[in-house]
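In case you want the letters, here they are:
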Amino acid sequence: MCLSTLAKIAAVAACMALAPVAAAAQTYPSKPIKLIVPAPPGGAIDILARLVGERLAVSMGQPVIVENKPGASNNLGTDLIAKSAPDGYTIGIVGGSHNIAKFLFKDLPWDPEKSFEPIVYTHVVPLVFGVYPGIPAKTLPELVAWLKANPDKAKVATSGRGSAQEMAAEMFQMTSGAKLVMVPYKGSSQAHPDLLAGRTALYIDTISAIKGHVKSGAVRAVAVSTAKRSAALPDVPTAAEQGLTGYDANTNGGILAPAGTPKPIIARLNAEINAILKMPDIAAKLEGAGIEVQGGSPEDYAALIKSDLVKWGKVVKEAGIEPE
Amino acid sequence: MDILTNLAIGFSTALSLTNLAYCFVGVFLGTAVGVLPGLGVPATVAMLLPATFALPPVSALIMLAGIFYGAQYGGSTTSILVNLPGETSSVITALDGHQMARQGKAGRALATAAIASFFAGTVCTLLMAMFAPPLGAMALEFGPAEYFSLMVLGLVASIVLASGSILHALGMVVIGLLLGLVGTDVNSGAQRYSLGIAELTDGINFVVIAMGMFGLGEIVANLETADTRELMIKKVSGLWPTREDWRRIRAPILRGTLLGSVLGLLPGGGAALASFGAYALEKKVSRNRAEFGHGAIEGVAAPEAANNAGAQMSFVPMLTLGIPSNPVMALMIGAMVIQGIQPGPGVMTEQPTLFWGVVVSMWIGNLMLLVLNLPLIGLWVKMISVPYHLLYPTILVFCAIGVFSLSNTTFDVQLMVLFGLVGYVLKKLGCEPAPMLLGFILGPMMEEYLRRALLLSMGDPTTLITSPISAVMLALAAILLVLVLLPSFGSTRREAFQDE
Amino acid sequence: MRLHVAGPKDVWAGLIYIAFGGLMFWGALGYRLGTAGRMGPGYFPRVLAVILVAIGVVALVRGLIVRGERIDGIAWKPLALILASSVLFGLLLERAGLVVALVALVLVSASASKEFRFDPKAVAGLVALIGFCVAAFVKGLGVPMPILGTWLEPLAVLAP
């Protein structure tokens, strides 16, 4: 008993004496890993964090604690990830807002690129053009024509400032030339009743949220927002296929660590999480919820963040949205 | 469609041993989470969500639903015993329920709450079995204009909540409305009154205010009345409602159930109004209205029935239309989707065992809660019979941990302290917290619905009166306002002069 | 010299309404007003603030002319100790951890009561309460509260 305590003290002293980073990377992980979710429980990144976290605990041999730190449009939790010790024991998962926030908030305390070390691109959720079925438009060109012919009824639901749904709607307004009235809601749950009742004409919503209404016929899906069709609704053509060239909007996310986390730790986490994302039951569960599993190297994720920042920066600027 | 066949399918599903077990686990967990103030049901459900992926869909939904309505039961326990409302609905139960507890009637209040909830649960199960699809369709009739008018009606009713001066009730409602605006404006994305503090950009959490004003305020108020060795509650007189009690609660339970079932159908915030509305209604129609605020048993029975009815009926828009009324329902829809079930009108016809199994399990769960809670009453009463100087630090611990767990931030704990101070000062001045809390809940919704209604009507305000539903509710609100204000001008003056 | 006020409760409440309403109105000046048909984020707060100030004026006037109740004495000691104990809990939770924060919360708040004695029974109760909180909240419900905070983390290595 006494000896083992002494041994532990000796080990601690030794650790402190040696170059800490090198020693830490070799013994990593030697204590529980915290996975911060900057959103409330239940959303796409929360489900993903819990599914991946459970398996990651097995493959890393240490508990993985999923911690929800919601608030301030996810900015609070994201800042917490950025400000954590870069030792691999605090990592985080971020969603679509990560690459948009910079353009919407004046005093954002973190930078989507500089404050983080990307680990892996985990998922993408395509959006669907959901139309009130009382509107005759069956295809995207018909929808654009109808919106232009009925400017007083061209009411589009969005999920509030900076949401992927709003960005997608702005992008649609820019590429189609139809004049739209944006009607902001707090989220999908609040927006759906008005769409189902025909008080709004269109809602470009995540496939996971709107799929149920499309299947039941309460909402008509006329297009998918991504460059590729979605496995969840394979019969629905993409916007680009229907003449909206270059239209590509989605909400995506990944796992990242605070900037300065040692490369060997990043590589280890990348390999383990990639392996988990390839597990058939994980992919199947997520795909059932409309979340498409991705993967790849840390560099792939860094490149995606870069290109998304360019894309949304342009949309925000052209839509004339001022940062608050 | 044959109701008996449907109910038979439901019973055969819900009564299977596995489903009974999951139902019990659900209501048990729900009661535990509900009793601990602050700990949110959404957080509990979200944490259990991945675990339910491995279960059959019916069992998963039965358990998650059990947590939801089990927490409604548990929440009233804490508010009656120690005046700690962890949820919107329990604020109302605390008003008269806690007064009853102080008079030694804690057992009778708890039993009344359990019986009222069970009765409402039974009625709602039958309503759902008979009319679920047409009731679900009603939810879509309510657009932003209708909701706005409903909120106005609710706000006018909230003035009735106050037991003291009408003027201060009005003042507190407006303060609540203003506090509700703190945070990000949905329409423009503007940050309002967040003072540059990131934690405030999502607004103030209801529980933070409730714990501060009710929880901390109550403790300080109790400590200043001299001897803390004294028990907080007087000698306990019976754990079971008396014959007189039974006579008094019959009609209020019935009225509460009816009001709650109607409001529960409205996914855009109807259920939040159920207990407030039922209380206000009883206070207007009851023969014992003078007792309200001082331990009227009707003031426990009606809102508890309404609350449980509202909670259960809010499953109707979810099961029939796939529209969730609250975050817990949204999580349940998520669970269904991952299980490969599309919530919507198809559920009833394609998944009859799921639909009827869940509906019937709610009744069974309510029965379990009754059986679980009635014997617990004795234990609860014993627990608060310890001397107050040992009890209040414990209450404080649960307040602090509960508030922290809302968003896992200590900022909320400090904010609770601030509201404790504000609540204490206002109470000293005769301003009651209940109307303020209702204003706080309704404020942001009212603004959101009004602005959305005007956006959808392209800026035409007549949208509020061209809709018949909206027009009727605005008319009711106007009539109620006149009824409330007319006698008060005379009476408050008289009351003021009566003093000393 | 003390000004005689007929209804001190109404006067003070009225002053609070006026001050809070005024403050909220001033704060709302920074938000776009919009029009009644297309309201900006500043419309609703301004309308409400004006109503609150009006209610405050009515209360103030009523308090000055109509005789009302006096304000009871303020219990400074329990008020200060209860509030301070909660503030302390908030400050200590993440730094010193749940155990220390609970000890502070319970001891400081309990000292607000005249009956409080720091005897073995109280210690046993405190230990039981801390044990329950660790088991129920941290282990059972997974509330992310550190049992030992950042200040005491080095000690965790020594635990068996």
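Everything below is about the structure printed above this text.
Computed from a predicted structure; not experimentally measured. (Residues numbered from 1 in each chain as written. Chains lettered and ligands numbered in written order. Predicted model: local features only at pLDDT ≥ 70, side-chain atom pairs only at ≥ 80, totals over all residues.)

Details of helix α14 (residues 327-338) of chain B
- Over its 12 residues, α14(B) extends 17 Å from the first C-alpha to the last, a length consistent with the 16 Å expected when each residue adds 1.5 Å.
- For α14(B), the tally of buried residues reaches 10 of 12 residues, placing the bulk of the element in the interior.
- Buried within α14(B) are the following residues: V328(B), M329(B), A330(B), L331(B), M332(B), I333(B), G334(B), A335(B), M336(B) and I338(B).
- Where the residues of α14(B) are buried, they touch α8 (188-196) and α11 (280-288) of chain A together with α3 (41-52), α4 (57-82) and α13 (315-321) of chain B.
- In the segment just after α14(B), G340(B) is the residue with positive phi, at about 85°. (Helix = DSSP H or I, 4+ residues; strand = E, 2+ residues; numbered from the N terminus. Expected span 1.5 Å × (residues − 1). Buried ≥ 20, exposed ≤ 12 C-beta atoms within 10 Å, placed from the backbone. Contact = placed C-beta atoms within 7 Å.)

Quick word on the interface of chain B and chain A
- With 44 residues of chain B at the contact, the number on the chain A side is 42 residues.
- Of the residues assigned to the side of chain B that touches chain A, the class counts are 26 nonpolar, 15 polar and three charged. (Nonpolar A, V, L, I, M, F, W, Y, C, P; charged D, E, K, R; others polar.)

Things to note about the interface of chain C and chain B
- Each partner contributes to the interface: chain C provides 62 residues, whereas chain B provides 57 residues.
- Looking at the side of chain C that touches chain B, the elements that each hand over two or more residues are α1 (8-28), α2 (43-65), α3 (76-96), α4 (98-110) and α5 (120-140) of chain C.
- A total of 11 residues in the side of chain C that touches chain B trace back to one element, the largest contributor, which is α3(C).
- Along the lines of polarity and charge, the residues of the side of chain C that touches chain B split into 42 nonpolar, 12 polar and eight charged.

Digging into the packing of α4(B) against helix α12 (residues 298-313) of chain B
Residues and elements named next belong to chain B.
- Close contact between α4 and α12 brings their axes to 10 Å; oriented N to C, the two are set at 165°. Between α4 and α12, the angle is such that the two are roughly antiparallel. As α4 packs across α12, the resulting crossing turns out to be right-handed. Residues F68, Y69, Q72 and S76 of α4 form the contact with α12, whose own contacting residues are E304, N307, N308, A311 and Q312.
- Residues belonging to the contact of α4 with α12 are distributed by class as follows: three nonpolar, five polar and one charged. (Axes fitted to C-alpha atoms, helices over the stretch in contact; angles between N-to-C directions. Parallel < 35°, antiparallel > 145°, perpendicular 65-115°, else oblique. Left-handed = near helix turned anticlockwise from the far one by under 90°.)

Coordinates in, geometry out; function isn't part of it.
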